[in-house]
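# An overview of the molecular structure
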Amino acid sequence: MRYLYCLPLVFSLFCAVSTTAQRRSITNTSLLPELQTEVALKGDDYLLIGLRAPLYTGTSRGFDVERVGLNVGYERFWDQQWSGGATLRAEFYNGYSGGGDVGKLYTDLIPELFLRHWSTLGSFNFRQRLGIEYFVPGGENFESRAITRLRLDLDRVFPLGEHTAIRPRLAYEAGAYLRLQREETELKERVIDFGTLRAEVGVRVSQHFDFTPWVASQSTYLNTLPQFDALGNQTSGGRTNFIAPIIGLDMRLTLFRGGEPFERRQLPTQH
């Protein structure tokens, strides 16, 4: 486990490599509200249930909900620094099979195992979260793939009262497909496939409720066959970054085992 301290260096190298893309494409802003229920168990352990519904802007109807996500997670703290857990996400959406006109409900499943290290930098909390997940598609024309993600986040809690506080926070998460072997004829993929930079301010209203408005820039890094016009100018393809701005709001209800609140360290709403 001591090698996890080297991950920030690896993460910085990944970021440097990802910035060499030649093309950028920015999509419409998405809105992402999420409702969470966190059950506080012994110590800092918890059980989490979350429900989200992304709202896409710029459609003919103004806003459009294409899918609904359900997330269930559990995390166990072994000591003040180390913890680990598992999550299971399910994404529900409508699709059409075989070119038909009748829609069908599909479900993507994403189980995940993760490890977290919690330390401090002066008066700031500094956390590193390393996870590996497996994407199991429910729709057609998609393949299962394993993905590893590394998230670094920094925050500080400012108490405002006995049970109220604000928590400014900055986080970056990099994700990459696990590639055990690549065919020689396949196009070489990027080092990092996904990246998300997120800034937020958590607001704790009481021991039972807090909410977190946040903004993020979510990037998808692709390398596809370049396309050229008659003059030899590249018009599309190649190394491209697709950037999606997101505005979110997390609302969390905390329930305590036994009913009575007790002292504990609580993670941000982006667990």
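Residues numbered from 1 in each chain as written. Predicted model: local features only at pLDDT ≥ 70, side-chain atom pairs only at ≥ 80, totals over all residues. Heavy atoms only, no water.

With that out of the way, let us pick up the overall build of the protein chain. When helices and strands are tallied, the protein chain shows one helix and 15 strands. In the protein chain, which comprises 271 residues, the share counted as buried stands at 37%. Pairs at least 24 apart in sequence give 55% of the contacts found in the protein chain among residues at least 6 apart. Accessible surface for the protein chain amounts to roughly 15600 Å². Of this, 60% is attributable to carbon and sulfur atoms. (Helix = DSSP H or I, 4+ residues; strand = E, 2+ residues; numbered from the N terminus. Buried < 20%, exposed > 50% of the residue type's maximum accessible area, 1.4 Å probe, protein only. Contact = heavy atoms within 4.5 Å. Areas by Shrake-Rupley, 256 points an atom, 1.4 Å probe, with all protein chains shown as cover.)

Right, let's talk about the environment of Gln-207 for a bit. Position of Gln-207 among the secondary structure elements: in the loop between strand S13 (194-204) and strand S14 (209-228). C-alpha of Gln-207 to C-alpha of Phe-262: the two residues are 55 residues apart in sequence and 9.0 Å apart in space. Once you skip the residues sitting within four places of it in the chain, Gln-207 turns out to touch His-163, Thr-254, Phe-256 and Pro-261.

This paragraph deals with the side chain of Asp-44. Along the chain, Asp-44 falls in the loop between strand S2 (30-40) and strand S3 (46-52). The exposure class of Asp-44 is buried, given its relative accessible area of 11%. Within the structure, Asp-44 has its side chain in polar contact with the backbone nitrogen of Arg-265 (distance 2.8 Å). Once you skip the residues sitting within four places of it in the chain, Asp-44 turns out to touch Phe-77, Arg-264 and Arg-265. (Polar contact = N/O pair within 3.5 Å; in protein donor to acceptor, adjacent residues only side chain to side chain.)

Turning our attention to the confidence of the model for the protein chain. When pLDDT is averaged along the protein chain, the result is 84; 77% of the residues meet or exceed 70. Below pLDDT 50 for its whole length, residues 1-11 participates in 18 contacts with residues either more than four positions away or in separate chains. Contacts for the low-pLDDT stretch residues 13-21, under 50 throughout, to residues beyond four places or in other chains number 14 contacts. (pLDDT = per-residue confidence, 0-100.)

We now examine the pattern of salt bridges. All told, the structure shown has 20 salt bridges when counted by the stated rule. For the salt bridge of Glu-200 with Arg-169, the shortest nitrogen-to-oxygen distance reads 3.1 Å. With Glu-200 in strand S13 and Arg-169 in strand S12 (residues 165-177), this pair connects stretches of sequence that are 31 residues apart. On the accessibility criterion, Glu-200 (5% relative accessible area) is buried. In this structure, the salt-bridge partner of Arg-198 is Glu-200, at a minimum N-O distance of 2.7 Å. This pair shows no difference in class: Arg-198 is buried, exactly as Glu-200 is. It is possible to trace a salt-bridge network through shared partners that takes in Arg-127, Asp-153, Asp-155, Arg-167, Arg-169, Arg-198, Glu-200 and Asp-250. (Salt bridge = Lys/Arg side-chain N within 4 Å of Asp/Glu carboxyl O.)

The residue Glu-112 is located in strand S8 (residues 103-121) in this model. Side chain to side chain, Glu-112 and Thr-87 meet in a polar contact 2.8 Å long. A polar side-chain atom of Glu-112 sits 2.9 Å from a polar atom in the side chain of Arg-129. Leaving out residues up to four positions away in the same chain, Glu-112 has contacts with Gly-85, Ala-86, Thr-87, Arg-129, Gly-131, Ile-132 and Glu-133.

Taken as a whole and assessed by the stated rule, the structure comprises five aromatic pairs. Relative to Phe-194, the ring of Tyr-177 has its centre 5.4 Å away and its plane inclined at 75 degrees; by these criteria the two rings are edge-to-face. Highlighted residues: Tyr-177 in strand S12 and Phe-194 in strand S13, separated in sequence by 17 residues. Look at Tyr-177 and you get partly exposed, because its relative accessible area is 22%. (Phe/Tyr/Trp six-rings, centres within 6.5 Å; stacked < 30°, edge-to-face > 60°.)

Right, let's talk about the pairing of S3 for a bit. Note on strand geometry: in a regular strand, side chains alternate between the two faces of the sheet. Pairing of S2 with S3 involves seven bridges; the strand directions are antiparallel. Looking at S3, one finds that Leu-35 is bridged to Leu-51. Hairpin connection from S2 to S3: five residues lie between these consecutive antiparallel strands, with Gly-43 at a positive phi of about 65 degrees. (Pairing = 2+ DSSP bridges.)

A surface patch of nonpolar side chains, amounting to about 690 Å² of accessible area, comprises Leu-35, Leu-47, Ile-49, Leu-51, Val-65, Val-68, Leu-70, Val-72 and Tyr-74. Put simply, the parts of the chain that give the nonpolar patch at least two residues each are S3 and strand S6 (67-77). Tallying contributions element by element places S6 first for the nonpolar patch, with four residues. Tracing the sequence through the fold places Leu-70 in strand S6. (Patch = residues over 30% accessible without salt bridge, like charges linked within 9 Å, V, L, I, M, F, W, Y side chains within 5 Å.)

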